[in-house]
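# A look at the structure
So you can see what is in the structure, the chains are spelled out below.
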Amino acid sequence: MLILLAAIFALHIIGIILLLVATIDNAWWMTETISTDVWARWIYENGAWNYTDLPTGSHYPEDYLQAVQATSVLACIFSILGIFVFVAQLFTLSKGQRFTISGVFQLLACLCIMIAASIYTDRFHIDEKFGWYGHSYILAWISFVLTLISAITYFVLRKKTA
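Summarised in this report is the structure supplied together with it. (Residues numbered from 1 in each chain as written. Predicted model: local features only at pLDDT ≥ 70, side-chain atom pairs only at ≥ 80, totals over all residues. Heavy atoms only, no water.)

Across the sheet, which stays open at both edges, the five strands sit in the order β4-β3-β2-β1-β5 with antiparallel pairing between neighbours. Strand pairing shows two members of the sheet lacking a second neighbour, β4 (48-52) and β5 (132-133), which therefore form its edges. Where strand β1 (residues 29-30) lies against strand β2 (residues 34-36), two bridges are found, and the strand directions are antiparallel. Bridged to Met 30 within β2 is Ser 35. (Pairing = 2+ DSSP bridges. Helix = DSSP H or I, 4+ residues; strand = E, 2+ residues; numbered from the N terminus.)

What follows is about a nonpolar patch on the surface. Residues Phe 9, Ile 13, Ile 17, Val 21, Val 87 and Phe 91 make up a contiguous nonpolar surface patch of about 520 Å² in total accessible area. Contributions of two or more residues to the nonpolar patch are made by α1 (2-24) and α2 (62-92). Examining the composition of the nonpolar patch, we find that four residues originate from one element, α1, more than from any other. Position of Phe 9 among the secondary structure elements: in helix α1. Looking at Phe 9, the relative accessible area reads 35%, which means it is partly exposed. (Patch = residues over 30% accessible without salt bridge, like charges linked within 9 Å, V, L, I, M, F, W, Y side chains within 5 Å. Areas by Shrake-Rupley, 256 points an atom, 1.4 Å probe, with all protein chains shown as cover. Salt bridge = Lys/Arg side-chain N within 4 Å of Asp/Glu carboxyl O. Buried < 20%, exposed > 50% of the residue type's maximum accessible area, 1.4 Å probe, protein only.)

Here is the key point about a regular strand: its side chains alternate between the two faces of the sheet. Of the pairings in the sheet, the one linking β2 to strand β3 (residues 41-45) comprises three bridges and is antiparallel in character. What sits directly across from Ile 34, in β3, is Ile 43. With five bridges connecting them, β3 and β4 associate as antiparallel partners. In the strand pairing of β4, Arg 41 is matched with Thr 52. Here β3 folds back onto β4, and the loop between the two strands holds two residues, one of which, Asn 46, carries a positive phi near 55 degrees.

Before going further, it helps to examine the side chain of Ser 79. With respect to the helices, strands and loops of the structure, Ser 79 is situated in helix α2. Ignoring sequence-local partners within four residues, the contact set of Ser 79 consists of His 12, Ile 16, Leu 19, Gln 106 and Ala 109. (Contact = heavy atoms within 4.5 Å.)

This part covers the packing of aromatic side chains. Enumeration over the complete set of coordinates arrives at 15 aromatic pairs. Ring plane angle 45 degrees and centroid distance 6.2 Å describe the contact between Tyr 120 and Tyr 137, whose orientation is recorded as tilted. Of the two residues, Tyr 120 sits in helix α3 (residues 100-123) while Tyr 137 sits in helix α4 (residues 135-161), which places them 17 residues apart along the sequence. The exposure class assigned to Tyr 137 is buried, which follows from its relative accessible area of 9%. Every member of this aromatic cluster is reached through a ring pair, and the members are Trp 28, Trp 29, Tyr 60, Tyr 120, Phe 124, Tyr 133 and Tyr 137. (Phe/Tyr/Trp six-rings, centres within 6.5 Å; stacked < 30°, edge-to-face > 60°.)

This part is about the nonpolar core. The biggest cluster of nonpolar side chains holds 28 residues, and the ones touching the most others in it are Trp 28, Val 68, Ile 113, Tyr 120 and Phe 124. Ignoring sequence-local partners within four residues, the contact set of Tyr 120 consists of Trp 28, Trp 29, Thr 36, Val 38, Tyr 60, Val 68, His 125, Tyr 133 and Tyr 137. One finds Ile 8, Ile 16, Phe 99 and Tyr 154 within the second-largest nonpolar core, a separate group that totals eight residues. (Core = buried A, V, L, I, M, F, W, Y, C linked by side-chain atoms within 4.5 Å.)

Spelled out as structure tokens, the structure:
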């Protein structure tokens, strides 16, 4: 059981790290000279990367951008809260209730990062012919899968320990 708990803890930590990198790093959309994330755009000029604001207008609808930003940050917060609750529940709750709250936090984190990545997929860079989704975007989807697996594991583990 101790090895199983350590594996779940490691999975949760990996999910948190991936969520943080996906939210903070500047590579949701890439071209040869542009690197864009949900916070800003970096343009490669004269041998250096220069920070610029994201473009405004119909190409970058501000309300959708704020939704992506908010749900990305919420996913990080819920997942971090989930790990603290997981550790606290190990020592305080009875066996049948032990991992329910951690599972709920992970499910909320999973839902939030799925919403962020889905909105970004649907509303941004639709008409751009050159470019590709960067590693932060891919990490967001990978963290969605990891947080979903973590949430399911918490709910299954709750039943096994009852």
